[in-house]
Amino acid sequence: MAVTKKSKPSTYFSLGADIHDTKAPAGPIDKKWQARQLQAKLVNPANRRKLTVIIVGTGLAGAAAGATLGEAGYNVHSFCYQDSPRRAHSIAAQGGINAAKNYRNDNDSVHRLFYDTVKGGDYRARETNVYRLAEISAGIIDQCVAQGVPFAREYGGLLDTRSFGGVQVQRTFYARGQTGQQLLIGAYQALERQVAAGTVTMHSRHDMMEVIVHNGKARGIVTRDLISGKIEAWYADAVVLASGGYGNVFFLSTNAMGSNVTAAWRAHRKGAYMANPCYTQIHPTCIPVQGDHQSKLTLMSESLRNDGRIWVPKDPADAEKDPRQIPEEDRDYYLERIYPSFGNLVPRDIASRQAKYMCDDGRGVGPLISEVTQEGVSQQRRRGVYLDFADAIARLGKAAVEKLYGNLFDMYAQITGEDPYATPMRIYPAVHYVMGGLWVDYDLMSSIPGLYVAGEANFSDHGANRLGASALMQGLGDGYFVLPNTINDYLADGPFEKIDDATPAAVEALEAAKARVDRLLAVDGTRTVDSFHREVGAIMWEYCGMERTEEGLQIAIEKIRALREEFWTNVKVPGTGVDFNQALERAGRVIDFIDLAELMCIDALNRRESCGGHFRRESQTEDGEALRHDDEFAYVAAWEYAGDGEAPILHMEPLNYEAIELKQRSYK
């Protein structure tokens, strides 16, 4: 289906050329991946030893790619800012990983997984990439089982599955509430095997600061050793960014404290397009904010919505009561009432907005929280809803519930001091995942030749809302199956000309990295780095969070610009650049967050529709659901950096749907 685009340039951006060639082959959608693999050029095994690939990030996508490319015989250099690859944020994933194996015999299929993912993303994902992900999903499970990942099993020994939001089949494979941890350990073992074999060289505690682009191609990176402060350049024939998402732009999120956008943002400033940056996923099942002292939030897995029932009191006066004393007839199981077909397992964006609406209506639970609305009105609200397991415990028994969710219940009890077996959990939405990221084509190559992007760092598979349990699927799919089969096509033209520290592109990148450190240290103001991070996060949550408005986004852009100006005149970064300096690390990441925040708001302002996690108050149906405008906005927004102080350039990639009909989402 072709679409007509009517986006107009504004004072905030200018228009560039449309993007039409994504390298996806012609022909039926179920034949495209096979065709691309056959069309791609190959590198013979003897020549692979002459080629070097740099991989930034050691989460599921980065570790899987490093292990696979190393085993293929390439010379791989793997970088992470943590002390060990096992500390990548992928380890925090809890609930499961999707795959179209149809073990439950409930009519699942590759096409159904493909359809559910595109529909869940509110028809803002690229069809070809999503179908490929669904197609390779079954192989991901086989790969992980072969590595020894301890997936849950049924009594007879078969792998067990459970339900996740936005679907009506049970396709989510899991390892209790520790799926990400087990999958990452599997990928880490595969990576370390190649380290021992000598094909992968590991560089931990290295922060990427720049991409080296020589003759239009990505040829290396500049890093800072976080222990010694040494800044140095590394060279390769291709570079892969698998550096995760940027949810920490909101300050409070479920992401690891170190998760950042710097690697992707440095690439963006060198010419890589940033696609759909405003698409942020708000996860509905998180432990509510406890106070101003917090620096992060804790996710409670979506898998809990399999057996937990979500409700609020019908009468706001009951909010202060012990929930166990509120009779059944006085409870509003609002998701079951509004969405009878999907109930508590509606997609994350819908569950999050409905929780907000219940609390806005005065029926939230928990402590009163003081807040100021976008309109400047001070108010107090209870920001929490109940997630209740009483029915599940009565039906299955406490032992069965503990077997399924025990570690999650323990985590909740340790953080809140409340026993979720005895009293309902309190949950509220929080920033979790980002669907936006660097633009990539069908081969996962960015707009910079030779720069590939995998996992959450790219935009390609989830549209405007990611279905639960699909992040692990994409990360491992990109790393184990997609990238190793597409990067060959580029590397077949190598080895490329040798470059070194004397090459002008390398000199420029090294000098830029050093100048950036010097500039951060030279400001010597009075405000801490964390205070700037907290402020930009508050702006983003208020104006570019669960609900956005034209006026609010314009206010946010002006606030962010003022904050950037104050940062460069008043930030305090103690210490020096030639030793261990965590304030310096954070300062570089926070200013990149501030720059990213402005682009996110510009993207959200331009997209005058609601879709998935991007909800514009001005664009909703009569019953409060997201209202798309396919005649204007059925495209990927790919933003080009135009220089400091210059308006970004918008390139549009039309989204053409041939295998799926565009229609209004309904989960009722």
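Residue positions are given per chain, counting from 1 as you read along its sequence in written order. Since the coordinates come from a predicted model, pLDDT governs what is reported: local features require at least 70, and pairs of side-chain atoms require 80 or more to be given and counted, while whole-chain, interface and lining totals use all residues. Processing note: side-chain calculations cover all non-hydrogen atoms of the structure and skip hydrogens and water entirely.

(A) Fine view of the sheet that holds strand E11 (residues 238-241). A pair of strands is treated as paired once DSSP finds two or more bridges between them. Runs of H or I in DSSP of at least four residues are treated as helices and runs of E of at least two as strands, each being numbered from the N terminus. Ordered by their spatial adjacency, five strands build an open sheet running E7-E3-E2-E11-E21, and the pairing between neighbours is parallel. The open sheet has two edge strands, strand E7 (200-203) and strand E21 (451-453), and neither has a second partner. This sheet shows a mean twist of 20 degrees between the axes of neighbouring strands, independent of strand direction. Where E11 meets E21, three bridges bridge the pair, whose relative direction is parallel. Bridging across to E21, valine 240 finds its partner in tyrosine 452. In this analysis, axes come from line fits to C-alpha atoms, helices being fitted only over the stretch in contact, and the angle between any two N-to-C directions falls in the range 0 to 180 degrees.

(B) Region of the structure containing the packing of helix H15 (residues 550-570) against helix H16 (residues 582-606). Axis separation between H15 and H16 bottoms out at 9 Å; the angle between their running directions is 160 degrees. When the interaxial angle is binned, H15 and H16 end up roughly antiparallel. For the pair H15 and H16, the crossing hand works out as left-handed. Side by side, H15 and H16 meet where Glu550, Leu553, Gln554, Ala556, Ile557, Ile560, Arg561, Leu563, Arg564, Phe567 and Trp568 of the first sit next to Ala587, Val590, Ile591, Ile594, Asp595, Ala597, Glu598, Cys601, Ile602, Ala604 and Leu605 of the second. Working rule for angles: under 35 degrees goes down as roughly parallel, over 145 as roughly antiparallel, 65 to 115 as roughly perpendicular, anything else as oblique. Each crossing gets its handedness from the near helix: less than a right angle anticlockwise from the far helix is left-handed, clockwise is right-handed. It only takes one pair of heavy atoms within 4.5 Å for two residues to be counted as in contact.

(C) Here's a closer look at the nonpolar core. Residues Ile97, Met540 and Phe567 are the most contacted members of the largest nonpolar core, which totals 187 residues. No other element matches H16, which puts 15 residues into this core. As used in this record, nonpolar core signifies buried Ala, Val, Leu, Ile, Met, Phe, Trp, Tyr and Cys residues forming a set joined through side-chain atoms within 4.5 Å. Relative accessibility thresholds used throughout: buried, under 20% of the residue-type maximum; exposed, over 50%; partly exposed, between the two (1.4 Å probe, protein chains only). The next biggest cluster of nonpolar side chains, apart from the first, holds five residues, and it includes Ile326, Tyr333, Val365 and Tyr386.

(D) Structural view of the side chain of arginine 305. One can find arginine 305 in the loop between strand E13 (280-286) and strand E14 (309-313). In terms of polar contacts, arginine 305 uses its side chain to reach the backbone carbonyl oxygen of asparagine 344, at 2.7 Å. If sequence neighbours within four positions are ignored, arginine 305 has contacts with Pro284, Thr285, Ile310, Asn344, Leu345, Val346, Pro347, Arg348 and Ala351. Two N or O atoms count as a polar contact when they lie within 3.5 Å, although within protein this holds only if one can serve as hydrogen donor and the other as acceptor, and sequence-adjacent residues are included solely when both atoms are side-chain atoms.

(E) Here's a closer look at the sheet that holds strand E1 (residues 14-15). Read from one edge of the open sheet, five strands run E1-E25-E24-E12-E20, paired in mixed fashion. Edge positions in the sheet fall to E1 and strand E20 (437-438), since each of these pairs with one other strand and no more. Against the sheet, H16 touches strand E12 (274-275), strand E24 (635-640) and strand E25 (649-654), its axis set at about 145 degrees to E24.

(F) Just the packing of helix H14 (residues 529-544) against H15, in detail. Where H14 meets H15, the closest approach of the two axes is 10 Å, and the angle between their N-to-C directions is 175 degrees. As judged from the angle between their axes, H14 and H15 are roughly antiparallel. Where H14 abuts H15, its residues Phe532, Glu535, Val536, Ile539, Met540, Tyr543 and Cys544 lie against Gly552, Leu553, Ile555, Ala556, Lys559, Ile560, Leu563, Glu566, Phe567 and Asn570. For this classification, the nonpolar set comprises Ala, Val, Leu, Ile, Met, Phe, Trp, Tyr, Cys and Pro, the charged set comprises Asp, Glu, Lys and Arg, and every other residue, Gly included, is treated as polar. Its residues assigned to classes, the contact of H14 with H15 comprises 12 nonpolar, two polar and three charged.

Interpretation note: all reported values are geometric properties and have no functional meaning in isolation.
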